[in-house]
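# Topology and contacts: notes
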Amino acid sequence: MSSEKLRLDKWLWQARFFKTRSLSAKQVSGGHVRLNGTKVHKPAHSVTSGDVLTFPQGNEIRVVKVRALGTRRGPAPEAQTLYEDLTPPREERAPEPARTGPRPTKKDRRDIDALKDNDL
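A short tour of the structure in this document, coming up. Not measured: the values here are computed from a predicted model. (Residues numbered from 1 in each chain as written. Predicted model: local features only at pLDDT ≥ 70, side-chain atom pairs only at ≥ 80, totals over all residues. Heavy atoms only, no water.)

### With respect to the side chain of Gln27
The condition that has to hold: Each helix corresponds to a stretch of at least 4 residues labelled H or I by DSSP, and each strand to a stretch of at least 2 residues labelled E; elements are numbered beginning at the N terminus. Definition of a polar contact: a pair of N or O atoms within 3.5 Å, with one able to donate and the other able to accept a hydrogen when the atoms are protein atoms, and with sequence-neighbouring residues admitted only if both atoms are side-chain atoms. Residues are treated as being in contact if the distance between any of their heavy atoms lies within 4.5 Å.
Secondary-structure assignment places Gln27 in helix 2 (residues 21–29). A polar atom in the side chain of Gln27 sits 3.3 Å from the backbone oxygen of Pro56. Those residues in contact with Gln27 that sit more than four places away from it in its chain are Phe18, His32, Val33 and Pro56.

### With respect to the packing of aromatic side chains
Definition in use: Only Phe, Tyr and Trp rings take part, Trp by its six-membered ring, and two of them pair if their centres are within 6.5 Å. Stacked means planes under 30 degrees apart, edge-to-face means over 60, and tilted covers everything else. The rule is simple: take the accessible area with a 1.4 Å probe, protein chains only, and divide by the maximum for that residue type; under 20% is buried, over 50% is exposed, in between is partly exposed.
Counted according to the given criterion, the structure contains five aromatic pairs. Judged by centre distance (5.0 Å) and plane angle (75°), the rings of Phe17 and Phe55 are edge-to-face. In this pair, Phe17 sits in the loop between helix 1 (8–14) and helix 2 while Phe55 sits in strand 5 (residues 52–57), placing the two residues 38 residues apart along the sequence. Consider the rings of Phe17 and Tyr83, whose centres lie 4.7 Å apart with planes at 50°: the pair is tilted. Residue Phe17 is located in the loop between helix 1 and helix 2, and its partner Tyr83 is located in strand 7 (residues 83–85); the two are separated by 66 residues in the primary sequence. Looking at Tyr83, the relative accessible area reads 13%, which means it is buried. An aromatic cluster of three or more residues is present, and its members are Trp11, Phe17, Phe18, Phe55 and Tyr83.

Here's what the structure looks like:
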């Protein structure tokens, strides 16, 4: 392992997981980031290559292994070389069936409700 270190919030920003550095710092200080399985609350916490980070991004939980420490926030292909994505593949949800026919009218809804009430 190398002895080089970089601030956690800065690395998350350079690797393009967050749009701004303040957003990444907010995520870390909120206790939403785990470094090697331990919750981290300080954006200035050091990260080195080989560390594993777990954090929420959008509607999914990301798990990444730090490969390298960046020197700048470059383009996306350059940022993708900084980490190895260990996130398990997302389960694809079946699309909801398309509705067929027109929407029920107000009278149809009253009839449906009356049927439901009678079944109880």
